[in-house]
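Structure at a glance
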Amino acid sequence: MALRTLSRPVRVLLIVALAAGSLFLILFLVFSWFVRRPFPKVRGKVELDGISAPVEILRDKDGVPHLWATTANDLYYAQGWVHAQDRAWQMEFQRRIGQGRLSEILGKKLLDTDRYLRTLGFVDVAEREYEMMPEPYKGWLESYASGVSAYFESRPPGRLGLEFAILRLKGVKWDVEPWTPVDSILWGKMVTMSLTGNLSHDARRLNLLRFIGRSKREEWYAPYRSDMPVTVTSDELNAFRQDMGIPDDFPPESANDVIVGGGEGAGTNVWTLSPDVTLGGQALLVSDMHLAVRMPSIWHEIGLHVVPEPGSSEDALDIRGYMFTGIPGVASGQNDRIAWGQSNLYGDVQDYFIERIHPDDPDLYLVGDEWVRMDIVQEEIRVEGEDEPVIHQVRRTRHGPVMTDLENYAALGAYSYDEGDLGVSELAMSWPALTPGTLLESIHRINRAGDFEEFREALSYWDAPSINFVYADADGNIGYQAAGRHPERPAWQGQIPVPGWDDTYEVPGYIPFDQLPAAFNPSKGFLVSCNNALVYGEYPYYIGKEFSNGFRARRISEIIEGRSQGLSIDDITSVMMDTYSLQADETMRYFESIKTEAAYQAWLIRLESWEEDPEELEGKELRKKEKEEAEELEFLVEARHELDEWDRYVDIESTGAAAFGFIWKHLIVETFPDQLPEYFWPAGTGTLENAIYYLLQEPDNDWWDDRRTPDIRENRDDILGRSLIGGLLEAGEEMGDKPEKWEWGEVHQVDFRNATLGESGIGPIEKIFNRGPYPIRGGNSQVHKTNWSFKDPFVSTTIPSQRAIYDTSDPSMSLFINTVGQSGHPFHRHYDDMIDP
């Protein structure tokens, strides 16, 4: 039908619709062009001046690049290129973190962060580390930097990443500087910082000691359980020392009868299996690192291959694994001979020193009987939108930076007073990472190791962070080695600040590498490291006390020991996804004697003491109240039935897991807040679970008494009853009055948020960069660890950041996956394509 035959109103409507459609199409095409501009070129040829021979880059179906070169220098140049292709903005943001230059582009809100990072002084440390680095490692780092810079220079900022383009539209413009070797070293320091958290723990412990006293503090930081596994038994440690011919020269006077290792919150499951316990008769290594939820991923998966020209002196290399963007090589992975993975050891490597300050000169501090002048640096911090830089003064003592110069740390100065007799004092921080190290050299040595001896030699260069390494090789050997610089403290255990003027507390050095816990081919046929304690017995050095509660390590160990036929690859994938809650099973046993009806009546009596007197209710109102209570009790009985039928697996669709989550939350808030404000609580719940385990065995422990009811002394069962009723009622409020329809995934979810524009507060922009929320299985202490905090109940803060199963007999059979995808470019098909898998 011709347009002119239509009535005028219809023609107008049709023209308007066509115009609107055309406008929408134009806007869509413009938007598509805008967001796709940063996508990298991954087909064809690129000619560059920085390499000596052709390099081949192939990307698989998941966007993972595999690089083939004839020299290591060319290989690392190409790795820098592909890192910049995939994650240019992530790399720019990361180096600005290390430099303390975030305010320069993101404004005043990040000024305190910049002050903190400038105080630590990582740039100076990285520059000195680079100058000390030997060849060929220094040359490889320079080649990598050249590759990154070549990509940066090949495009204008708006085509490097969507974040650059959006910030430029907002008027924030800057030239992207060439990448330098120091930038790579600097990001290694930042990774170290993210995996080292005992500095804040020291402050919390000291404040806690003053708040509740020593005995209650020990109950809060309950000891590692004797029924939980350690990574290396004393027998395995002794056997290793004998096999390696290491002299048994542990100093007996420093024997430390504690269990060492660990940490909580973020965590990792790494385990290695000998041919004796695998179905295929090969050594396997499993890597399942749990880190904070990030968008894009902290990891970049890659394959690196050097195939030298005939007659060349170049060494071959064949490796695949994971690395942080900004650093060359592979941090966790597999070469043609060995596989390795790591978990955070959470060593106590940071210390506060109380510095006594001269009463008339704040820049003088006491060393022995002499006043010594601090080193002072004036830092200029540029702030976006401000004409003049902010001047930040950094003071350093012989121990390190003065942390109480920072506003967020200023209150810690009060911790250093003792009955007011110290006069003016400050707190300085000592940390091995604040001195030049050899971390990147260690990584390259690991990449080229061919057996356990070479692997350990490479780890002797690993300075920070403090890490557990597990090992497997093509000959069927498995092993474990603790790595990192751990201060050798002769006079104290690093738990609280110590006098900085007294040389008694000086650290003469680090625990010798040969004295760190290790094992090789244990008779049981496997080794498991899940941030649990390292070793039992009279180990002579203090490494740390902050460890996970051991549930993950015990669950994995029990499954391995229970498979008489050995584990296949499919078995291992099932174990990695296991959600059985040993902690819930233990806790629920104490609820068996709690009767729902009696607990509900006690709950009502408690409510009545807070509200109106029920005797004042008459007639219709009383009958209404009784009817509501009867209906509520019926609901509670139904919910309790679902809980009792729970199989203890914390899966997305689990009703019992959902109910237990709310009950556990109420158990904590019914037990601790009246005596311990939430300020003191840890980020995760590992410490809480350990403390509750011991308290449940003491029905009349003072922690159970609710200080908010001075006329009543509650016991354990009173609090369990309250937790049962309060938890189920809140679950009903959140998930509805049909308990059989509750699901754990309805409340336990993960939300992948971009660290910069994903937190902008502008809805449309956040939708571009963020993904989720998604329901997710697991929880705080399951093998499938998806940690959550009481600050945002049930929302996952930690997830598996990558997973790999390394087959040492046939690397082509190894399995890899990343979270959330390879690309850092929103709308790219590899930006989020690994979330569901």
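1. Some details on the pairing of strand S16 (residues 478-483)
Judged by how many residues are buried, S16 sits mostly within the fold: six of six residues are covered. The alternating pattern of S16 places Ile478, Tyr480 and Ala482 and Gly479, Gln481 and Ala483 on opposite faces, both of which are buried. Here strand S15 (residues 467-473) pairs with S16 via six bridges, running antiparallel. In the sheet register, Val470 faces S16, and the bridge partner there is Tyr480. The hairpin formed by S15 and S16 contains four residues between the paired strands, and Gly476 there has a positive phi angle of roughly 90 degrees. Bridge count between S16 and strand S18 (residues 518-520): three bridges; the pairing is antiparallel. Residue pairing across strands places Tyr480 opposite Ala519, the latter belonging to S18.

2. Looking at the packing of aromatic side chains
Throughout the structure, instances matching the rule amount to 32 aromatic pairs. Measuring from centroid to centroid gives 6.0 Å for Phe635 and Trp742, while their planes differ by 65 degrees, and the two rings are edge-to-face. With Phe635 in helix H18 (residues 619-644) and Trp742 in the loop between helix H21 (716-735) and helix H22 (744-747), the pair connects residues that are 107 residues apart, well separated along the chain. Classification of Phe635 by relative accessible area gives buried; the value is 11%. An aromatic cluster of at least three residues, connected via ring pairs, comprises Phe240, Phe452, Phe455, Trp462, Phe469, Tyr471 and Phe520. Taking NZ or CZ as reference, Arg225 lies 3.4 Å from the ring centre of Tyr693, over its face. Across the ring face of Trp501, the terminal group of Arg356 is positioned such that the distance to the ring centre comes to 4.5 Å.

3. Brief notes about a nonpolar patch on the surface
A cluster of nonpolar side chains, namely Leu58, Trp68 and Val307, defines an oily patch on the protein surface of about 260 Å² accessible area. Mapped onto the elements of the fold, Trp68 is located in strand S2 (residues 65-69).

4. Details of empty space enclosed by the protein
Scanning the entire structure with this criterion turns up five cavities of 30 Å³ or more. Around the largest cavity sit 17 residues that line it, and Gln583, Phe660, Asn780, Gln782 and Trp788 are the ones nearest its centre. When residues of the lining of the largest cavity are traced back to their parent elements, those giving at least two are helix H16 (582-589) and helix H19 (655-671). Across the lining of the largest cavity, the residue classes break down as eight nonpolar, eight polar and one charged.

5. A short note on the pattern of salt bridges
Tallied over the full model, the rule gives 51 salt bridges. In this structure, Arg95 engages Glu92 in a salt bridge whose closest nitrogen and oxygen atoms are separated by 3.0 Å. Here Arg95 pairs with Glu92, and both are found in helix H2 (residues 72-99), just three residues apart, close to one helical turn. A relative accessible area of 3% means that Arg95 is categorised as buried. When its relative accessible area of 2% is taken as the criterion, Glu92 is described as buried. Asp124 is the partner of Arg128 in a salt bridge, and the nearest nitrogen-oxygen pair spans 3.2 Å. Remark: Asp124 and Arg128 occur in helix H5 (residues 122-132); sequence separation between them is four residues, near one turn of the helix. Owing to a relative accessible area of 38%, Arg128 belongs among the partly exposed residues under this scheme. In this structure Asp124 comes out as partly exposed when scored by relative accessible area, which is 42%. Residues joined in a network through salt bridges with shared partners are Glu92, Arg95, Arg96, Arg101, Glu104, Glu177 and Asp183.

The rules behind the values
- Residues numbered from 1 in each chain as written.
- Predicted model: local features only at pLDDT ≥ 70, side-chain atom pairs only at ≥ 80, totals over all residues.
- Heavy atoms only, no water.
- Buried < 20%, exposed > 50% of the residue type's maximum accessible area, 1.4 Å probe, protein only.
- Helix = DSSP H or I, 4+ residues; strand = E, 2+ residues; numbered from the N terminus.
- Pairing = 2+ DSSP bridges.
- Phe/Tyr/Trp six-rings, centres within 6.5 Å; stacked < 30°, edge-to-face > 60°.
- Lys NZ or Arg CZ within 6 Å of the ring centre and 35° of its normal.
- Patch = residues over 30% accessible without salt bridge, like charges linked within 9 Å, V, L, I, M, F, W, Y side chains within 5 Å.
- Areas by Shrake-Rupley, 256 points an atom, 1.4 Å probe, with all protein chains shown as cover.
- Salt bridge = Lys/Arg side-chain N within 4 Å of Asp/Glu carboxyl O.
- 1 Å grid on protein atoms, 1.4 Å probe; cavity = no way out; pocket = protein on both sides within 12 Å on 5 of 7 lines; lining within 4 Å.
- Points joined across faces, edges and corners; volume = space filled by probe spheres on them.
- Nonpolar A, V, L, I, M, F, W, Y, C, P; charged D, E, K, R; others polar.

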